[in-house]
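The lines below spell out each chain.
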Amino acid sequence: MCGIVAYAGPRPAAEVLIDGLKRLEYRGYDSAGIAVVVEGGPVSCVKSAGKVNALERLLRENTPELMEAAGCGIAHTRWATHGEPSDVNAHPHSDEKGKFYIVHNGIIDNYQTLRKRLAEQGCVFRSSTDSEVIAHLIARFYQGDLPRAVAAAVRQLSGTYGIAVVSPLHPGMIVAARKGSPLVIGLGEKENIAASDLAAILPSTRNVMYLNDGDLAVMTADSVEVRNFENMPIERETTRVEWSADAAEKGNYPHFMLKEIFEQPETVENAIRGRIDHEMKSALLSGLNLTPRELAEIGRIVIAGCGSSMHAGLVGEYFFEDLAGIPTEVEQAAEFRYRNPIIEPRTLVIPISQSGETADTIAAVREATAKGALVAALCNVVGSTVAREAGRGVYLHAGPEISVASTKAFTSQVTVLLLLALLFGRNRRMDRTDGARLIAEIEALPDMIRKVLEQVPEIERIAKRYAHCNDFFFIGRGPLYPAALEGALKLKEISYIHAEGYHAAELKHGPIALLDPAHPVVALANNIPGRDKMLGNIQECRARKAPVIALVTEGDAEAEALAGDVIRIPECSRYAAALPTVAALQLLAYYIAAERGCEIDQPRNLAKSVTVE
Ligand code: AGP
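Below you will find a few notes about this structure. Small disclaimer: the values here were computed from a predicted structure and weren't measured.

1. With respect to the sheet that holds strand 24 (residues 471-476)
The five strands lie next to each other as 25-24-26-27-28, forming an open sheet whose pairing is parallel. The open sheet has two edge strands with one neighbour each: strand 25 (498-503) and strand 28 (565-569). Along the sheet, successive strands turn relative to each other by an average axial angle of 20 degrees, direction set aside. Here three bridges tie strand 24 to strand 26 (residues 521-525), and the two strands are oriented parallel to one another. Note that in strand 26 the partner of Ile 475 across the bridge is Ala 523. Against the sheet, helix 17 (residues 531-543) touches strand 24, strand 26 and strand 27 (548-553), its axis set at about 160 degrees to strand 26.

Structure, rendered in structure tokens:
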């Protein structure tokens, strides 16, 4: 997804902007650019297809003085949606006279109509992007007041946008506006920095202000004023982000993904911390803001998410039905938003989204809300759109997840779903004894993951043995069926190997036709209900000469004897099994991708947060 950084303050703006863009690179992009209004001088705009490093070299070689100049500026990394990656399509874009420069995240749905109308008025378009219309609109509406011109321009737009605007007519001023694409403002000492993502702000300040849809901010070095698009002032609270700047850095790991895999014992602990009621043998989830009576009135749960978040929801479905007896279904968020879902008054909709900015999941929240559902979100990013529009829910507290492949967010999502099942269960037929037993399982989760992480040498050895293969099956049953889906997704998205997750019982209904010695099967045969059937599936695969990598409960000699390669998972119930098992699958995928020399943190074609449909 695209990234935005805007800076007003005493430091050289170009330096701050380039550093900010580098911290957003993980979001995935194909071109970058900056525009700086130098005090008393013209606007300098430099942009190019390619990486931020190439842009920085261009700046230092061609306009070295700009890297030292004080002033205010905007910057952008572009993930192409309209118009191929190129210098001319890179942001910032300006009007013909170079009086207004803009950077934009999102998609302008009515840009063709606007472009036609503006061209008829004499506008000269240089790019094939939707975003450029914004600069020309501002120029058309400008009558001496930049914020008002920006407000008038955005009122013409339909679609989604987060924008930042500078003009040589207003040195030192940045105007930002958002609708459907995140913008957050960092409030520093005699400087302010706006960005689409905290990672660009944390090195400067941890005091932040999240803009809501319909907000327009006027930002200078000394002040930030928020208005609506009708120019009426709005109060927005300031929050303090506890994530340190280095939390968004790689540390001494070769990739963010490996760092985040190893963070999981701690992040699962963070998801649990303060949320166990040892007195009532239940969970404390105040963010739900629901009374016991309101909890008891929940008659059905619908979970909506995408990708790994959807897979976490599929694990949660087992929890809610087994432990709380609440009918539960999981919907791919895009499917949910377009299928006219049945929502009764007692339906609880749980959107799950690490970023809280996934377009389809935001739309699912709005659809559920419009139909009168109770909505409680599971998000990692505090203040994100899904979190704020749901109005209630549970934060993951997993810290910034930088690698495009989701790892620690997944295990924290499953942990929170288990806490929710404990709360719902104890609010229904689960007695104190069963509640205490489940609490013991939940509190043991971090150590279960630690035990798996100790097996890195063995997992790396297995990964190297199979790294040359081009097709994998991942099979599981019960809560390990979604774990199989997640394992397949991890492998395919970072190693580009074709991998499919299947319910193990599905093999004989077709997929088994593909098995041969070049088609490894990863079988999740932990000692939970369904294990015996899994051993049968392993034998089916071996009979077709397919290599089998079995994940088995430590000490299960019978299961070990059947498989070619074995990864041992600590003894645990079916409710806990997905966490250590998926942690092992994350490592397997990581080391296979590393062996293949893949670009692990920023896989081709992928973005960390899919903020467009
Ligand atoms: C998972 O590894 C992928 N990066 C992707 O499937 C991701 O889970 C999905 O895009 C949902 O993102 P979200 O949790 O931020 O909504």
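From this point on, the discussion continues.
2. A closer look at the environment of Lys 533
Turning to its location among the elements, Lys 533 is positioned in helix 17. Expressed as a C-alpha distance, the spacing of Lys 533 and Glu 25, which sit 508 residues apart in the sequence, is 45 Å.

3. Considerations on the site of the ligand
If you check the shell around the ligand, you find 14 residues, and the closest are Ser 309, Ser 355, Thr 358, Val 404 and Glu 493. The separation between an oxygen atom of the ligand and a polar side-chain atom of Ser 353 is 2.7 Å. At a separation of 2.9 Å, an oxygen atom of the ligand approaches a polar side-chain atom of Lys 490. Counting residues per element, the ones that place at least two in the shell around the ligand are helix 9 (307-324) and helix 16 (480-495). The class makeup of the residues in the shell around the ligand is four nonpolar, eight polar and two charged.

4. Describing the packing of helix 4 (residues 132-141) against helix 5 (residues 146-154)
Relative orientation of the contacting elements helix 4 and helix 5 amounts to 125 degrees, with a least axis distance of 8 Å. In terms of orientation, helix 4 and helix 5 fall into the oblique class. Crossing geometry of helix 4 relative to helix 5 is assigned as right-handed. The residues of helix 5 that touch helix 4, namely those facing Leu 137, Ile 138 and Phe 141, are Leu 146, Ala 149, Val 150, Ala 152 and Ala 153. Its residues placed into classes, the contact of helix 4 with helix 5 shows eight nonpolar, no polar and no charged.

5. Description of the state of the cysteines
On inspection of all chains with the given rule, the structure shows zero disulfides. Cys 123 forms no disulfide, and the closest cysteine sulfur to it belongs to Cys 45, at a distance of 17 Å. Of the residues examined, Cys 123 reaches a relative accessible area of 7% and is grouped as buried. Considering cysteine sulfurs only, Cys 469 is the nearest to Cys 541, which forms no disulfide, with 14 Å between them. According to the relative accessible area criterion, Cys 541 is buried, its value standing at 1%.

Conventions we followed
Residues numbered from 1 in each chain as written. Predicted model: local features only at pLDDT ≥ 70, side-chain atom pairs only at ≥ 80, totals over all residues. Heavy atoms only, no water. Pairing = 2+ DSSP bridges. Helix = DSSP H or I, 4+ residues; strand = E, 2+ residues; numbered from the N terminus. Axes fitted to C-alpha atoms, helices over the stretch in contact; angles between N-to-C directions. Contact = heavy atoms within 4.5 Å. Near = heavy atom within 4 Å. Polar contact = N/O pair within 3.5 Å; in protein donor to acceptor, adjacent residues only side chain to side chain. Nonpolar A, V, L, I, M, F, W, Y, C, P; charged D, E, K, R; others polar. Parallel < 35°, antiparallel > 145°, perpendicular 65-115°, else oblique. Left-handed = near helix turned anticlockwise from the far one by under 90°. Disulfide = S-S within 2.5 Å. Buried < 20%, exposed > 50% of the residue type's maximum accessible area, 1.4 Å probe, protein only.

It is worth stressing that arrangement in space is one thing and function is another; only the former is reported here.
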